[in-house]
Amino acid sequence: MASVFLYHVVGDLTVGKPEMVEFWETETVESAIRAIGESTECGIPVWKRRSLVGMIENSESRQQRFVGILNSLDIVAFLAKAQCLEDQEKAMKAPVSEVVVPDNSLLKQVDPATRLIDALEMMKHGVKRLLVAKGKVWKGMSKRFSILYNGKWLKNPEGSNSSNNLTVNTNRPSSSSISQDKFCCLSREDVIRFLIGCLGALAPIPLSPISSVGAINVNFFSIQASLPAIEATQKPPKDPCAVAVIESTSDGRSKIIGEISASRLWKCDYLAAAWALANFSSGQFVMGVEDNLTSRSFPDLAINSILGDKSNNTVNGGGSARPKKFSSRSIGFNPGSSSFGTGRSMYRGRSAPLTCKLTSSLAAVMAQMLSHRATHVWVTEDDNDDILVGVVGYADILYAVTKPPTSIIPIGRSSEALVTEIHT
């Protein structure tokens, strides 16, 4: 086990993190879009309001007030509903309680002195955010051994029966008192940024191929390019929140041409994206072919700027919204060929999915995700960058870096052997 996990605590990752401001479920969808644009991992935690304002609450009551994490794909899917398309202004004023998927297990409140290895275990088992008190002082470093690893207690200091439940004593007393209202929120992206600065301590895992450290998830979600794009949101995946848009080849393999994901829609024009999601096929949605069709095929959309830029929405200073026809550029994609099925392999605009190879190193994939602010990277075969093999997400990286070095498969396999090994 790398010493970086045994000698660091969660508080080490909170340096420079701003204080968290709660986003309540009574806020509007329009406000959520602005907040998501400034968030990490394309989503924001949503909270219930306190029943008694001004009361100091304990960690249990704060945990109970947490509702879930709202991401950009959730909002676009909501706005793509028929009733929302009919009255977009009303949809933008709807409370986020109508959109967010309740899941209280996605966030945990922990003490700054919580060991990093324990925090990683929580994130490996589904936690996406850690709520950490700011300003608390902890003495020394983490103990040499964690109280918890692989979901099992390593020792029982109280002498009671051991437990296999994934729980940690996250309410240890601190050496200083602090207002209970000052917290910061750590995401998995923050953890990966910390780990990429400790690559030497994690050797040899970071320089090993992702296929040899078990970082590739082959249970990814996909949708055929010919199917309606709205079907990708009927059962949206949770982690990563992404659906690969594929075409089947003659030999039964999957060729990736794009993706419908929260990270791809992170800072898009949500209303335009919702209209496209409801009216286009998956292939058209990601390729941007609609730009080359006649303007008569699409309605004029009076779309106000959602991200706060009002300068382009007025005509002669009159304050009225300027009608704007739908364009794939407005949802973050460049236009492609007007003939769907022609020149697709040559197309590499902003709609091109973020991909890596089977033999890409774990460090390279981590850097790729952080530089693009992406929650995942699609994995393709070494000799064909269109044939989809799997996906690497944050949870997959955390599994890989905490894996014992003895379980790493030796380097030197052929790409065919690596593909066979993954599929088996």
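Just so it is clear, the structure is predicted and the values come from calculations on it, not from any experiment. (Residues numbered from 1 in each chain as written. Predicted model: local features only at pLDDT ≥ 70, side-chain atom pairs only at ≥ 80, totals over all residues. Heavy atoms only, no water.)

A. Local environment of the overall build of the protein chain. In terms of regular secondary structure, the protein chain is built from 14 helices and 15 strands. Within the span of the protein chain, comprising 424 residues, buried residues form 52% of the whole. Taking the contacts inside the protein chain whose residues are at least 6 apart along the sequence as the reference set, 71% of them involve residues at least 24 apart. (Helix = DSSP H or I, 4+ residues; strand = E, 2+ residues; numbered from the N terminus. Buried < 20%, exposed > 50% of the residue type's maximum accessible area, 1.4 Å probe, protein only. Contact = heavy atoms within 4.5 Å.)

B. Region of interest: the environment of asparagine 279. Relative to the elements of secondary structure, asparagine 279 occurs in helix α10 (residues 270-279). Overall, asparagine 279 belongs to the partly exposed group, its relative accessible area being 43%. Between the C-alpha atoms of asparagine 279 and isoleucine 230, which are 49 residues apart in sequence, the distance is 8.0 Å.

C. Looking closely at the pattern of salt bridges. Tallying each qualifying case throughout the model produces 14 salt bridges. Linking glutamate 22 and arginine 65 is a salt bridge whose minimum nitrogen-to-oxygen distance equals 2.6 Å. With glutamate 22 in the loop between α1 (3-6) and α2 (29-37) and arginine 65 in helix α3 (residues 59-65), this residue pair connects regions lying 43 residues apart in the sequence. A relative accessible area of 7% means that arginine 65 is categorised as buried. Measuring nitrogen to oxygen at the nearest pair gives 3.8 Å for the salt bridge that ties arginine 129 to glutamate 41. (Salt bridge = Lys/Arg side-chain N within 4 Å of Asp/Glu carboxyl O.)

D. Geometry of the sheet that holds strand β3 (residues 107-110). Taken in spatial order, the three strands of this open sheet run β3-β4-β7, and their pairing is mixed. Edge positions in the sheet fall to β3 and β7 (183-187), since each of these pairs with one other strand and no more. Direction aside, the axes of adjacent strands within the sheet are offset by 25° on average. Alignment of strand β4 (residues 129-133) against β7, held across five bridges, turns out to be antiparallel. Bridged to arginine 129 within β7 is serine 187. (Pairing = 2+ DSSP bridges. Axes fitted to C-alpha atoms, helices over the stretch in contact; angles between N-to-C directions.)

E. Broad picture of the nonpolar core. With 47 residues, the main nonpolar core has Leu70, Ile75, Leu79 and Ile260 as its most contacted residues. No other element matches α10, which puts seven residues into this core. Isoleucine 260 has contacts with Leu73, Ala229, Ala232, Ala242, Val243, Val245, Leu277, Ser282, Phe285 and Val286, leaving out every residue within four places of it along the chain. Counting residues in each nonpolar core, the second largest holds 45 residues, with Phe5, Leu13, Met369 and Val401 among its members. (Core = buried A, V, L, I, M, F, W, Y, C linked by side-chain atoms within 4.5 Å.)

F. Quick look at unusual backbone geometry. In the segment running from alanine 203 into proline 204, the intervening peptide bond is cis, with an omega of 5°. Relative to the assigned elements, proline 204 resides in the loop between α9 (199-202) and β8 (222-224). Each neighbour pair has its own omega, and for aspartate 239 with proline 240 the value is -10°, a cis peptide bond. Tracing the backbone through its elements, the reader meets proline 240 in the loop between β8 and β9 (242-248). We note that cysteine 42 has phi near 60°; this positive angle belongs to a residue other than glycine. Residue placement: cysteine 42 occurs in the loop between α2 and β1 (43-47). In this structure cysteine 42 comes out as buried when scored by relative accessible area, which is 0%. Phi is positive for arginine 373, close to 55°, though the residue is something other than glycine. Here arginine 373 is to be found in the loop between α12 (362-372) and β14 (376-381).

G. A look at the packing of aromatic side chains. Tallied over the entire structure, the rule returns three aromatic pairs. Ring centres 5.5 Å apart and planes at 70° place the aromatic pair tryptophan 47 and phenylalanine 66 in the edge-to-face group. With tryptophan 47 in strand β1 and phenylalanine 66 in strand β2 (residues 66-71), this pair connects stretches of sequence that are 19 residues apart. Judged by its relative accessible area of 1%, tryptophan 47 is buried. Where phenylalanine 220 meets tryptophan 378, the ring centres are 6.2 Å apart and the plane angle is 85°; that geometry is what we call edge-to-face. Residue phenylalanine 220 is found in the loop between α9 and β8, and its partner tryptophan 378 is found in strand β14; the two are separated by 158 residues along the sequence. Residue classification places phenylalanine 220 among the partly exposed positions, given a relative accessible area of 22%. (Phe/Tyr/Trp six-rings, centres within 6.5 Å; stacked < 30°, edge-to-face > 60°.)

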